[in-house]
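Next come the chains, spelled out residue by residue.
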Amino acid sequence: MFKSKSKNTIDSLIGATTSIEGNLHFTGGLRIDGHVKGNVIADVDSPSILVISEHATIDGEVRAGHIVVNGIINGPVYSSELIELQNKSRISGDVHYKALEMTNGALVSGKLAHDQIVESVLKL
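This text gives an overview of the structure that appears in the document.

What counts as what
- Residues numbered from 1 in each chain as written.
- Predicted model: local features only at pLDDT ≥ 70, side-chain atom pairs only at ≥ 80, totals over all residues.
- Heavy atoms only, no water.
- Pairing = 2+ DSSP bridges.
- Helix = DSSP H or I, 4+ residues; strand = E, 2+ residues; numbered from the N terminus.
- Axes fitted to C-alpha atoms, helices over the stretch in contact; angles between N-to-C directions.
- Contact = heavy atoms within 4.5 Å.
- Buried < 20%, exposed > 50% of the residue type's maximum accessible area, 1.4 Å probe, protein only.
- Salt bridge = Lys/Arg side-chain N within 4 Å of Asp/Glu carboxyl O.

## Side note on the sheet that holds strand E12 (residues 90–92)
Strands sit in the order E2-E5-E8-E10-E12-E15 across an open sheet of 6 strands; the sheet is parallel. Across the chains shown, the open sheet's two edge strands, defined by having one partner strand only, are strand E2 (19–21) and strand E15 (107–109). Mean inter-strand twist for the sheet, computed between neighbouring axes without regard to direction, equals 5 degrees. Pairing of strand E5 (residues 35–37) with strand E8 (residues 57–59) involves 3 bridges; the strand directions are parallel. Across the sheet, the residue bridging to His35 is Thr57, located in E8.

## What about the environment of Gly22?
Within the secondary structure, Gly22 is located in the loop between E2 and strand E3 (24–26). Along the primary structure Gly22 and Lys37 are separated by 15 residues, whereas in three dimensions their C-alpha atoms are 6.1 Å apart. Among residues more than four places away in sequence, those in contact with Gly22 are Val36, Lys37, Gly38 and Asn39.

## Comments concerning the environment of Ser53
Within the secondary structure, Ser53 sits in the loop between strand E7 (48–52) and E8. Overall, the relative accessible area of 5% leaves Ser53 in the buried class. Each C-alpha atom of the pair Ser53 and Asp33 lies 5.3 Å from the other, and the pair is 20 residues apart in sequence. Residue contacts for Ser53: discarding those within four places in its chain leaves Arg31, Ile32, Asp33, Asn70 and Gly71.

## Notes on the pattern of salt bridges
Evaluation of the coordinates by the stated rule reveals 3 salt bridges. In this structure, the salt-bridge partner of Glu61 is Arg63, at a minimum N-O distance of 2.3 Å.

Right, here's the structure in full:
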């Protein structure tokens, strides 16, 4: 009768001309095309997807279940499910992940750390 939301649904968008200063907490799906100066953190009790487009920049820590990166992150990244680093992604910080897909051209200036128990780190 009612369809449940897919965990790959984007619920919110931060547009390319938007700039946010401060921490951002979300549930479900979030796409960032603009600039965030602060931490971007998903609710650990529900599935989440974070899409960081090629136009986006995040200056802060990023924590989510499924993360797709094609923009810039200056800070550590924690993914409890899958992180996809696309060809224009640039990360300056350590990346903690359970599963990783990395396309030719992606750049990480930091450690890649395969963590079996990233979920406990996400709750910190």
